[in-house]
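Close look at the chain arrangement
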Amino acid sequence: PLLDPLPSIPALYSSIGFSIFAFLATIYLVPALGPTFVKARLRGKDLLKYYDKSIPEEELFVPESLGLVAASVYILSLILFIPFAFTMPIREQANVKTAPEGITVSEFPHYQLSVYLSSLLSLLVATILGFLDDVFDIRWRHKLPIPIIASIPLLMVYYAEQGNTNVVVPIPLRFILGKLINLAGPLYYVYMSLLSTFSTNSINILAGINGSEVSQALIIALSVILNDLLYLPWPIGFRIPLHLLGNTTELDFGGVWNAGMSFGSRELVERHLFSLYFMLPLVAVCTGFLYHNWYPARVFPGDTLCYVTGMAFAVVGIQAHFSKTLLLFFMPQIFNFLLSCPQLFGLVPCPRHRVPRFDKDTNLLYPSLAVPLNSDSTTKAFAKTPSKMTTVVVRLFSALKLTETTVDPATGAVVNTTNLTILNFFLLRFGPMNEKRLVKVLISAQLAGSVLAFFIRYALAWLVYDG
Ligand code: UD1
Ligand code: MG
């Protein structure tokens, strides 16, 4: 059947309307509630600024965890949207069932509603977890499993649809694995639940400079939206002929007229609409928040914002079945996570804050050391001689120019290293710069990652996957 063309999807207009409301509410509420958060002792010192000694300490604090306001506005607008998403389709495009007597009854889209509600549940758990982390500084080993548990409702709904867990094997691997492997077993579900842990924590550990957390979330959300738009039934579809390595292929996007083809089938359209309904208000609250969090930050997002945005991405990736494309939008976060592993897993000392080092005389940021130097400037990061494993990893990273190490001139042993973060990596490669410039470098890297992601997904995928 021909699909309704885009202009006749009224819920999409309500979603845009709620997003405008969410943007205005965030822009207004975040600064208005800042003092309330400070009063509740939710506040932090901006680590990368210079403070005159004469300013009383009380005045230096920036309200922290204002991500709670953004998350609340986000979740409330998603709840308010429910009647709009689920009443119009009943009237206008209900699944019509014909009973034996010839009576037609329209069926309520219960399945879609359970997808929606389980997603809201995961977002709420993420918000609670993030806020508790802000208040109590929960330990890693305690907070890592929580998003995994929070993803159970999502996975159950996915399972109820008999989610297609056949994974198409890339051509070069087919001689070993065959064309399709069925990961219906526990493996695919383990992968999807790990996705939520990854997406929530990977944004949180790429943090510490003004605007970093929110701008990552904003760019990923915009990339997801752009990807969703490619699947909608636009009145006219478009084709891009592509000549690559002597082969010619045609990329086919949008278009009601494509119904029935892989792009534009009804199910696909519904999934990407679902993703849009979750991403549009997310872009709205992130934009509103970024306005106040931009250098010099008047508020901090806290872990709450990192967790809720990360969970929103996991939700759409799983429910709309594009988790691999989603991971392509996380390239800077994957790089930062892999780089961080030696510190996260205890091979290299990990200080409470791994933010770059701020120099007040030049107002520039420099790569920070795992253990900062004392006045004697011979501070060792490793108490004794580091283990073989540590030495190998640190030397490898150093050879790859990912970090800079300090070596004891007498023994040749590694004694210190710069913190293993992407922010320090930028400072090592591009030289010292101020905080505003560094966040722009991070934003550029995220944007470049998304451009590359689209290229891999649409221009290269057919080289490894046939059609
Ligand atoms: C994560 C990072 C940590 C980094 C911190 C900064 C890991 C394992 N953990 O810890 O290295 O230092 O985020 O958010 O990589 N802050 C600023 N400027 C900002 C944002 C935050 O100075 O733009 C400071 C403030 O003092 C704020 C604090 O960071 O109070 C928040 O840190 P928190 O989110 O609690 O740190 P973690 O997420 O545990
Ligand atoms: Mg944090």
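This text goes with the structure placed above it.
**Observations regarding the overall build of the chain**
Each helix and strand counted, the chain has 16 helices and 12 strands in total. Relative to its full complement of 467 residues, the chain shows a buried share of 50%. Taking the contacts inside the chain whose residues are at least 6 apart along the sequence as the reference set, 74% of them involve residues at least 24 apart. Carbon and sulfur atoms form 67% of the exposed surface of the chain, whose accessible area is close to 22,700 Å².

**Thoughts on helix α9 (residues 212–229)**
With 18 residues, α9 should reach 26 Å at 1.5 Å per residue; the first-to-last C-alpha distance of 26 Å fits that figure. For α9, the buried fraction is high: 15 of the 18 residues fall into the buried class.

**Focus on the coordination of the magnesium ion (ligand 2)**
The protein atoms that coordinate the magnesium ion (ligand 2) are Asn204 (OD1) and Asp303 (OD), at distances spanning 2.0 to 2.1 Å. Taken together, the residues Asn204 in helix α8 (residues 186–204) and Asp303 in helix α11 (residues 302–319) connect sequence positions 99 residues apart. Across the pair, Asp303 and Asn204 agree in class, each one buried.

**Overview of the packing of helix α1 (residues 10–39) against helix α10 (residues 266–293)**
Two elements in contact, α1 and α10, have axes whose closest approach is 8 Å; the angle formed by their N-to-C orientations is 20°. What the angle tells us is that α1 and α10 run roughly parallel. Here α1 and α10 pass one another in a crossing that is right-handed. Along its contact with α1, which presents Ala11, Leu12, Ser15, Ile16, Ser19, Ala22, Phe23, Thr26, Ile27, Val30 and Pro31, the element α10 presents Leu273, Leu276, Tyr277, Leu280, Pro281, Ala284, Val285, Thr287, Gly288, Phe289, Tyr291 and His292.

**Some points on a nonpolar patch on the surface**
A contiguous nonpolar patch, built from Tyr13, Ile16, Ile20 and Leu24 and spanning about 410 Å² of accessible area, is present on the exposed surface. On the secondary structure map, Leu24 appears in helix α1.

**Observations regarding the pattern of salt bridges**
When the charged atoms of two side chains lie near each other, side chains of opposite charge can form a pair. Across all of its chains, the model carries five salt bridges by this definition. With a closest N to O distance of 3.0 Å, Asp46 and Lys49 form a salt bridge. When sorted by exposure, Asp46 lands in the same class as Lys49, which is buried. Ionic contacts of the salt-bridge type, sharing partners, join the residues Asp46, Lys49 and Glu435 into one network.

**A short note on the side chain of Asp133**
One can find Asp133 in helix α3 (residues 110–136). If we ignore the near neighbours within four places in the chain, the residues touching Asp133 are Ile138, Lys143, Asn204, Asp303 and Tyr307.

**Topic: the site of ligand 1**
The environment of ligand 1 is made up of 19 residues, and the closest members are Lys45, Leu47, Glu64, His353 and Arg354. Within the contact set of ligand 1, an oxygen atom lies 2.6 Å away from a backbone nitrogen or oxygen of Lys45. Protein chains bury 91% of the 720 Å² of accessible surface belonging to ligand 1 in isolation. The residue makeup of the shell around ligand 1, split by class, is eight nonpolar, five polar and six charged.

**Quick notes on the environment of Val190**
For Val190, the position within the fold is in helix α8. Under the relative-accessibility criterion, Val190 is labelled partly exposed at 44%. When the C-alpha positions of Val190 and Ile203 are compared, they lie 21 Å apart, and in sequence the two are 13 residues distant.

Cut-offs applied
Residues numbered from 1 in each chain as written. Chains lettered and ligands numbered in written order. Predicted model: local features only at pLDDT ≥ 70, side-chain atom pairs only at ≥ 80, totals over all residues. Heavy atoms only, no water. Helix = DSSP H or I, 4+ residues; strand = E, 2+ residues; numbered from the N terminus. Buried < 20%, exposed > 50% of the residue type's maximum accessible area, 1.4 Å probe, protein only. Contact = heavy atoms within 4.5 Å. Areas by Shrake-Rupley, 256 points an atom, 1.4 Å probe, with all protein chains shown as cover. Expected span 1.5 Å × (residues − 1). Donors = N, O, S within 2.8 Å, 3.2 Å for Na, K, Ca; no water. Axes fitted to C-alpha atoms, helices over the stretch in contact; angles between N-to-C directions. Parallel < 35°, antiparallel > 145°, perpendicular 65-115°, else oblique. Left-handed = near helix turned anticlockwise from the far one by under 90°. Patch = residues over 30% accessible without salt bridge, like charges linked within 9 Å, V, L, I, M, F, W, Y side chains within 5 Å. Salt bridge = Lys/Arg side-chain N within 4 Å of Asp/Glu carboxyl O. Near = heavy atom within 4 Å. Polar contact = N/O pair within 3.5 Å; in protein donor to acceptor, adjacent residues only side chain to side chain. Nonpolar A, V, L, I, M, F, W, Y, C, P; charged D, E, K, R; others polar.

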